Amino acid sequence: MSSYAPLLAALLALLFGLAVGKAWERYKLVDGRIMDRRRGRESPHYLLGLNFLVSSQIDPAIDELTKAAARAGDALEVHVMLGNLYREKGQVGHAISTHQALLQRPKLRKLEQAHVLLCLGLDFKRGGFVDRALEAFDEVLRLDPNNPHALVNLEKLHADQHQWLEAYNIRRSLVESSDAADKERHEAILAFLENELGLEALKRSDYAGAAARFQAAIDLDARVVPAYLNLGDVYRAQGKLNEAIALWERAIEIVPERAYLAFERLESAYALGGGRNRFALLCRGLIGANPQDWRARLALSRHQGARGESDEALRLLFEALAQNPHALLLHQAIWQILSKLDFSRALVERYMELTRHAVFYLDPHVCLRCRYRTDDLLWQCPHCHEWNTFVEDRIAPAKEDQELNA
Ligand SMILES: [Zn+2]
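Remember, predicted model here, so these are calculated numbers, not experimental data. (Residues numbered from 1 in each chain as written. Predicted model: local features only at pLDDT ≥ 70, side-chain atom pairs only at ≥ 80, totals over all residues. Heavy atoms only, no water.)

A. How the structure looks around the pattern of salt bridges. This structure, assessed with the given rule, holds 21 salt bridges. Linking Arg 213 and Glu 194 is a salt bridge whose minimum nitrogen-to-oxygen distance equals 3.0 Å. Residue Arg 213 is located in helix H12 (residues 207-220), and its partner Glu 194 is located in helix H11 (residues 180-203); the two are separated by 19 residues in the primary sequence. On the basis of relative accessible area, Arg 213 is assigned to the partly exposed category, the value being 26%. Taken together, the shared-partner salt bridges connect Arg 284, Arg 297, Glu 312, Arg 315 and Glu 319 into one network. (Salt bridge = Lys/Arg side-chain N within 4 Å of Asp/Glu carboxyl O. Helix = DSSP H or I, 4+ residues; strand = E, 2+ residues; numbered from the N terminus. Buried < 20%, exposed > 50% of the residue type's maximum accessible area, 1.4 Å probe, protein only.)

B. Representation of empty space enclosed by the protein. Using the criterion set out here, one finds two cavities of 30 Å³ or more in the structure. By volume, the largest cavity is sized at about 40 Å³. What lines the largest cavity is simply Val 225, Leu 229, Ala 251, Ile 252, Val 255, Arg 258, Ala 259, Leu 261 and Ala 262. Those elements that place two or more of their residues in the lining of the largest cavity are helix H13 (225-237) and helix H14 (241-254). In terms of residue class, the lining of the largest cavity is made up of eight nonpolar, no polar and one charged. (1 Å grid on protein atoms, 1.4 Å probe; cavity = no way out; pocket = protein on both sides within 12 Å on 5 of 7 lines; lining within 4 Å. Points joined across faces, edges and corners; volume = space filled by probe spheres on them. Nonpolar A, V, L, I, M, F, W, Y, C, P; charged D, E, K, R; others polar.)

C. Representation of the layout of surface pockets within the structure. There is about 770 Å³ of room inside the largest pocket. Every element with two or more residues in the lining of the largest pocket is listed here: helix H15 (263-273), helix H17 (294-306) and helix H19 (328-340). Ranked by residue count, the leading element in the lining of the largest pocket is H17, at five residues. Class assignment for the residues of the lining of the largest pocket results in 14 nonpolar, three polar and 10 charged.

Structural data, given as structure tokens:
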């Protein structure tokens, strides 16, 4: 029996130690009083605040979290969150002073410090203090070298200022530190940055350097259309017409929905290369593969129109109009041909019949991420700064939809 006594004593001591440790973790001495460290989070104000946040009601969320913060004393996360809410409301000065005050606390752990600095960087960014934002994000990376939020924000700041090399280097490190699932996404963005670096080289008339950048972009992501267009332009400027043609044709094979970006280039290159029917064949191939391709019809129509085949040109435009009645380009092209044909009454009536239900708008491209609208296809959204998010917003006439569903 007595041989168990030391063991029992040790066990009790261990339990006592654990209990003290737990209590130490939970309570602390503030102004001579015992405070519960968890009280901030357990306060009903904290939960209420979070509930308001979930339903995007920022003002009541701030009210509740302010009360929770007053009760919690120094609960870091509540104060960090409050600062972030001030920023969301546009009270950038308030956000900055809240986060800066947190940084003055002694005994802040390294990761806590990094997190507060990240929030401060976002405050500066929101307020337009680019240099101070850069400094804050750099400081986060000093404390936490692979912090993905700091890396992404730094990259965007550099990209905003067209500092493509800095942005490129940051995305490169994101590629290196990412797991297999994210790698492809990072590489697709890296490809766009390679393309921007190629354009910079082009401005310096460094053709070899530009070509290497564009090729590297294609190697990173075979779907990066602008790199094909630009590399082809370099080849053409160097007199390598066939290489340029082959490259633009490959881009069309890989991303047929962007084929129209290469149309003008290919049409003139074919004309130089003596391929009289090649452009028409290309367009017919695209229309065959995708009957909704109105841009290939428009290009083919212009091509045929230039050869004096007005009837065929107009027929193609009417077909294209059925696919996309909102494209102003089509209407302009149609009126040009109608005028050439002296406004044949039958043709004008056919046109009016086709357009009866169309409502016009000018900005058919929309960002999938933030819904920003624009006339032209953009590779980077000027609003949310994401890459390659634009699609063409098209409305088919109701009658056609019914036919498709029938
Ligand atoms: Zn956007």
